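Working through the structure, step by step
As a plain string of letters, each chain reads:
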Amino acid sequence: MRKRTLFRLATATVATGAAALAYASLVERNMFTLRRFDVPVLPTGTEPLRVLHLSDLHMTPNQVRKQQWVASLAAVDPDLVVVTGDNMAHPGAVPGVLRALQPLLDYPGAFVFGSNDYTGPVWKNPFSYFLPEREYTEGVELPAEELRDVLTGAGWVDLNNRRTTVKAGGRAIDIAGVDDPHVERDDYASVAGPISPAADLSIALTHSPEPALLDEMAADGFGLLLAGHTHGGQVCVPGVGALVTNCGLPRSMAKGLHRWPGSDSWLHVSAGLGTHPTAPVRFACPPEASLLTLIPR
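Reference entry: report on the structure contained in this document. Throughout this description, residue numbers start from 1 for each chain and increase along the sequence as written. The predicted origin of the model limits local features to residues at a pLDDT of at least 70 and limits the giving and counting of side-chain atom pairs to 80 or more, whereas totals for whole chains, interfaces and linings rest on all residues. To get the side-chain values, all heavy atoms of the structure are used, and hydrogens and water are removed first.

Moving on: the pattern of salt bridges. We define a salt bridge as a contact between a side-chain nitrogen of Lys or Arg and a carboxyl oxygen of Asp or Glu at a distance within 4 Å. Counted according to the given criterion, the structure contains 8 salt bridges. R35 serves as the salt-bridge partner of E288, at 2.5 Å between the closest nitrogen and oxygen. Pair noted here: E288 is in strand β14 (residues 288–296) and R35 is in strand β1 (residues 33–42), with a separation of 253 residues, a long-range link. Buried, partly exposed and exposed residues are distinguished by accessible area as a fraction of the type maximum, computed with a 1.4 Å probe on protein chains only: under 20%, between the cut-offs, and over 50%, respectively. Look at R35 and you get partly exposed, because its relative accessible area is 27%. A salt bridge links D79 to R50; its shortest N-O distance comes to 3.9 Å. Linking D79 in the loop between α2 (64–72) and β3 (80–84) with R50 in strand β2 (residues 49–54), this pair joins segments that are 29 residues apart in sequence. By definition, any uninterrupted DSSP run of H or I lasting at least four residues is a helix, any uninterrupted run of E lasting at least two residues is a strand, and each is numbered from the N terminus.

Glancing now at the nonpolar core. Counting residues in each nonpolar core, the largest one holds 32 residues, and the members touching the most others are L54, V70, L101, L104, W156 and L273. Elements supplying a minimum of two residues to this core: β2, α2, β3, α3 (94–101), α4 (144–153) and β14. Each residue touching L101, except ones within four places of it in the same chain, is listed here: L54, V70, L151 and W156. In this description, a nonpolar core means a group of buried Ala, Val, Leu, Ile, Met, Phe, Trp, Tyr and Cys residues linked to one another through side-chain atoms lying within 4.5 Å. Counting 22 residues, the second-largest nonpolar core is a separate cluster that includes I175, I203, L226 and L292. It only takes one pair of heavy atoms within 4.5 Å for two residues to be counted as in contact.

Next up on the list: the packing of α2 against α3. Only the contacting stretch of a helix is used when fitting its axis, a line to C-alpha atoms as for every element, and angles between N-to-C directions run 0 to 180 degrees. Between α2 and α3, the least distance of the axes is 6 Å, while the angle of their chain directions is 35 degrees. From α2, Q67, V70 and A71 reach across to α3, where they touch G96, R99, A100 and L101. Among the residues making up the contact of α2 with α3, the classes are represented as 4 nonpolar, 2 polar and 1 charged. Each residue gets one of three labels, nonpolar for Ala, Val, Leu, Ile, Met, Phe, Trp, Tyr, Cys and Pro, charged for Asp, Glu, Lys and Arg, and polar for the others, Gly among them.

Turning our attention to the packing of aromatic side chains. Ring geometry is summarised as follows: Phe, Tyr and Trp rings, the Trp one being its six-membered ring, pair when their centres sit within 6.5 Å, and such pairs are stacked at plane angles under 30 degrees, edge-to-face over 60 and tilted between the two. Taken as a whole and judged by the stated rule, the model has 3 aromatic pairs. Each ring, one from F113 and one from Y118, has its centre 5.7 Å from the other, and the planes form 80 degrees; the classification is edge-to-face. Comparing F113 with Y118, the two get one shared label, buried. Site record: aromatic cluster; members linked through ring pairs are F111, F113 and Y118. Note on criteria: charge over ring means Lys NZ or Arg CZ within 6 Å of the ring centre, with the direction from the centre no more than 35 degrees off the ring normal. Over the ring of Y118 we find R185, and its NZ or CZ is 3.6 Å from the ring centre.

Moving on, we get to the side chain of D174. Along the chain, D174 turns up in strand β7 (residues 171–177). We call two N or O atoms a polar contact when they sit within 3.5 Å, provided that within protein one can donate a hydrogen and the other can accept it, with sequence-adjacent residues counted only if both atoms are side-chain atoms. Of the polar contacts made by the side chain of D174, one reaches the side chain of R163; its length is 2.8 Å. Those residues in contact with D174 that sit more than four places away from it in its chain are R163, T164, P194, I195, S196, A199, L201, S202, I203 and F222.

The next thing to look at is the sheet that holds β14. By this definition, two strands are paired if DSSP reports at least two bridges between them. Ordered by their spatial adjacency, 6 strands build an open sheet running β1-β14-β2-β3-β4-β5, and the pairing between neighbours is mixed. Both edges of this open sheet fall to β1 and β5 (157–158), since each of them pairs with a single strand only. As paired elements, β2 and β14 share 5 bridges and run antiparallel to each other. Within β14, the position partnered with L52 by the bridge is L291.

Given below as structure tokens:
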């Protein structure tokens, strides 16, 4: 009787695990979701401004469903589109990224890159994400410059260690960004400084939301900080949330909108739209884009 009970428990455990894996790999990773947040960063009495935040597409050539869904976001009619990196996961990904972003290129836009815009992902032990000092391994070279040329050729602003003023929704935006801190390509010192008093609002971009960098951005007065990279944990525990963030950010801030501690700045971390190609699963963390409606304080 005891052996029979143990066998049934083992069988049920295996069946539950298989069902969860099937759901995570076949269902949830394709449940693209648009999240909406109101962010009080505008001066009193001003009209709202809509920012569409995309991140971590990790596109491969044949992901047609993802491409079509991202392209459909033009229907929300954003004032500004912001992309915070890791657009590609394959050397032939640029046409797919372009099919996804093409309708959005008619709007003002800005972007920074992530490590997976420069080199492709490689297989790794999923448990290595729990090791804070693990070695970063580069994969195949990706066509970052081709993608950069496509986006800037459409009029979007390259903010990889750059700063400028963007006009969107009738407002002047002091906007800055850095290349990916996760692989030490960032140079915030080259763009640092107090926000422009002539700007209507200020936004700072990074792929990986490293706390030391966010502290500097907030100290300079940037009202809205945008990042990706975490995938929201990608595999989460219901009622617990993300197990890892793959950066220095606390697990409680792995995705969504948060007031950055010790400042007046708001941080939005996108859980992203893709997955690591060698681990194409999401659980309790659907792929997402976010529409941020900036409103008066």
